[in-house]
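Understanding the architecture of this molecule
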Amino acid sequence: MKKRKKEKRIALKMLLCLIYLIAMTVLFVCSYTIYQEKKKLTPWDEVEKTNEYTYMDIYKMSEKFAYNKDSNIGIHFVIVKEATGLWHTYLIAINENNYNKYKGLIDYTYERIQIEPPPMRIYGYPAITTNDMKTLAIKNIGNFLPAENEVQITEENYKKYLTNSYLDTTKTKKESFSLILCISFGLIFVVFALFIMTIFDKGIPNKK
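Here's what I pulled together on the structure shown here. (Residues numbered from 1 in each chain as written. Predicted model: local features only at pLDDT ≥ 70, side-chain atom pairs only at ≥ 80, totals over all residues. Heavy atoms only, no water.)

The subject of this paragraph is the packing of aromatic side chains. In the structure shown here, the tally under the stated rule is 7 aromatic pairs. Between the aromatic rings of Trp44 and Tyr90, the centroid separation amounts to 5.9 Å while the plane-to-plane angle is 80 degrees, which identifies the pairing as edge-to-face. Here Tyr90 lies in strand S5 (residues 87-95) and Trp44 lies in the loop between strand S1 (42-43) and strand S2 (54-61), a separation of 46 residues in the sequence. Assigned by exposure class, Trp44 and Tyr90 land together as buried. Centroid distance Tyr55 to Tyr123: 6.2 Å. Interplanar angle 50 degrees. Geometry classified as tilted. Pair noted here: Tyr55 is in strand S2 and Tyr123 is in strand S6 (residues 120-128), with a separation of 68 residues, a long-range link. One aromatic cluster is present, formed by Tyr53, Tyr55, Tyr123 and Tyr125 through successive ring pairs. Directly above the aromatic system of Tyr67 lies the positively charged group of Lys64, at a separation of 5.3 Å from the ring centroid. (Phe/Tyr/Trp six-rings, centres within 6.5 Å; stacked < 30°, edge-to-face > 60°. Helix = DSSP H or I, 4+ residues; strand = E, 2+ residues; numbered from the N terminus. Buried < 20%, exposed > 50% of the residue type's maximum accessible area, 1.4 Å probe, protein only. Lys NZ or Arg CZ within 6 Å of the ring centre and 35° of its normal.)

Here it is, written out as structure tokens:
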């Protein structure tokens, strides 16, 4: 009788441990999926909100055409190859202390060097273009675009060709709190604790 009870208890423990392992695996996979989605970035040409951390791959870059001396932030034109294969011109803001990071692209754009550097991936947050920035962009874009480019950028078509925003690379990524991820990790910890308790559980000792 005692042997049968012991065997039943062991079988129950094994079943519980198996259930806990399955639960932990499912929770871990779900947590990892949520974490990967949280890390996923939206390409610049798909971004819709100013709070979305995004990126673009730039192939050419102008010297700054607008500059804020107080913050040492410069505004530059860049050329990007979009997923459609088309080339597009955008505006970006950089900290001019990081100028050397972009110098190769800038020098190649102005034919100061002959060797084409690889495209550079840059990250940041979208920001709405101010009226002053728009005026300066219209005034200076002719110095950046190829001479054969026949499009004349004006106030009326500015949004169509340059959009109403620019990529601000001076803002670092903000890590947002994920309640679902926190709960998921908490459940993993609870199930793991139950798993350990079940393994080392010796049952109620028999009275003499």
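Another aspect to go through is the side chain of Asn157. By the element assignment, Asn157 lies in the loop between helix H3 (131-140) and helix H4 (158-162). Within polar-contact distance, the side chain of Asn157 engages the backbone nitrogen of Thr154 at 2.6 Å. (Polar contact = N/O pair within 3.5 Å; in protein donor to acceptor, adjacent residues only side chain to side chain.)

What follows covers helix H5 (residues 179-200). Helical geometry note: an α-helix holds 3.6 residues per turn, so side chains three or four residues apart project in the same direction. Relative to the 32 Å expected for 22 residues at 1.5 Å per residue, H5 spans 32 Å between its end C-alpha atoms, a close match to the ideal helical length. Of the positions making up H5, those classed as buried are Leu181, Ser184, Ile188, Val191, Phe195 and Thr198. An end-on view of H5 places all buried positions within 105 degrees of arc, on one side of the element. Turned more than 90 degrees away from the buried face of H5, the exposed residues are Leu179, Phe189, Met197 and Phe200. (Expected span 1.5 Å × (residues − 1). Arc of directions from axis to C-beta.)

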